[in-house]
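The chain contents come next:
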Amino acid sequence: MLRLGEELKNPVKQMLKENKKVLAAWLQMASPYAAEIFAKAELDALVVDMEHGPNNILSLIDQLRAMGRFSSIPLVRVPWNDMVVIKRVLDAGAYGILVPYVNTPEEVAAAVSYCKYPLEGVRGVAPSPRAPGFGMDSMNYMRRANEEILVMTAVETMEAVDQIDEIVKVEGLDGVFIGPMDLATSMGHFCDPGCSEVQAAIRKVEEAVIGSGKFLASVDKGMEEAKEKFDRGYGLVIAFADGGTLGNAARKNVEDFRRTYPNR
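(A) Quick look at the sheet that holds strand 3 (residues 73–77). The eight strands are arranged 1-2-3-4-5-6-7-8 in a closed barrel whose pairing can be described as parallel. Here the average twist between neighbouring strands, direction ignored, is 25 degrees. Pairing geometry for strand 6 (residues 175–178) and strand 7 (residues 215–219), over four bridges, is parallel. Considered in strand 7, the bridge of Val 176 is made with Leu 216. Sheet strands touched by helix 12 (residues 242–260): strand 1 (22–27) and strand 8 (236–241). Its angle to strand 8, the strand with the most contacts, is close to 45 degrees.

(B) Representation of the packing of aromatic side chains. Enumeration according to the criterion identifies four aromatic pairs in this entry. The interplanar angle of 20 degrees and the centroid separation of 5.8 Å between the aromatic rings of Trp 80 and Tyr 101 together place this pair among those described as stacked. Separated by 21 residues along the polypeptide, Trp 80 in the loop between strand 3 and helix 4 (83–92) and Tyr 101 in the loop between strand 4 (96–99) and helix 5 (105–115) bring together distant segments of the chain. The exposure class assigned to Trp 80 is partly exposed, which follows from its relative accessible area of 47%. Given a relative accessible area of 42%, Tyr 101 falls into the partly exposed group. Considering the side-chain rings of Phe 257 and Tyr 261, the 5.7 Å spacing of their centres and the 50 degrees angle between planes classify their relative orientation as tilted.

Reading the values: rules and limits
Residues numbered from 1 in each chain as written. Predicted model: local features only at pLDDT ≥ 70, side-chain atom pairs only at ≥ 80, totals over all residues. Heavy atoms only, no water. Pairing = 2+ DSSP bridges. Helix = DSSP H or I, 4+ residues; strand = E, 2+ residues; numbered from the N terminus. Axes fitted to C-alpha atoms, helices over the stretch in contact; angles between N-to-C directions. Contact = heavy atoms within 4.5 Å. Phe/Tyr/Trp six-rings, centres within 6.5 Å; stacked < 30°, edge-to-face > 60°. Buried < 20%, exposed > 50% of the residue type's maximum accessible area, 1.4 Å probe, protein only.

Any functional reading would require information beyond the geometric quantities listed.
As structure tokens, this is what we get:
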């Protein structure tokens, strides 16, 4: 939440406009402890996952509060391209939205409209929620929200790939996120984004987005893979997740223990 007298500014959106690289991570555990730990680690952005994570509005707010004293910018993957859900998430204090499974320019335009106050969009106007500061200095948020809120939609089907040239023309869209696992599976290659056909589809999206004025984003399995994407021109990469990081660390320690003491 903004302090009294503070105006809404989104450093991550500005970084992406300047073609800088943004490192992000998923928050999928609905845990303010995980949010606080990752924010203290100084990631550029943290993406609270309301599509695949067990998050609701109250758990989202708990995580936003945990992040509040750190510099990481809170983004949210909403569960669907839904006007009411997006309005509530933004009113809770998200600085940006990732909308999954958006397949056409018309669907992208709808997502953009849900994120912006009239006349640029249809977001409901209220100074009383958390993001505008509970009615205190609310215009410092509301008059800048249309400019500062980041809007990103996901390419997860061939329908979206086939229309990517029109999608990137949608005014108000800031970035395009490639969901490699969903894209591969929707193409008939279950959980196999490395398949040549899927890679060709990904390259088509990359070629359309990079240089279009929109940033390109995706997900990966760590910094080594993320570096490959950054070097290809991606602006934002979600390189790891709270649950996955914890699980991998736990598993590695168990394996190290069993190798050291095979007979206990």
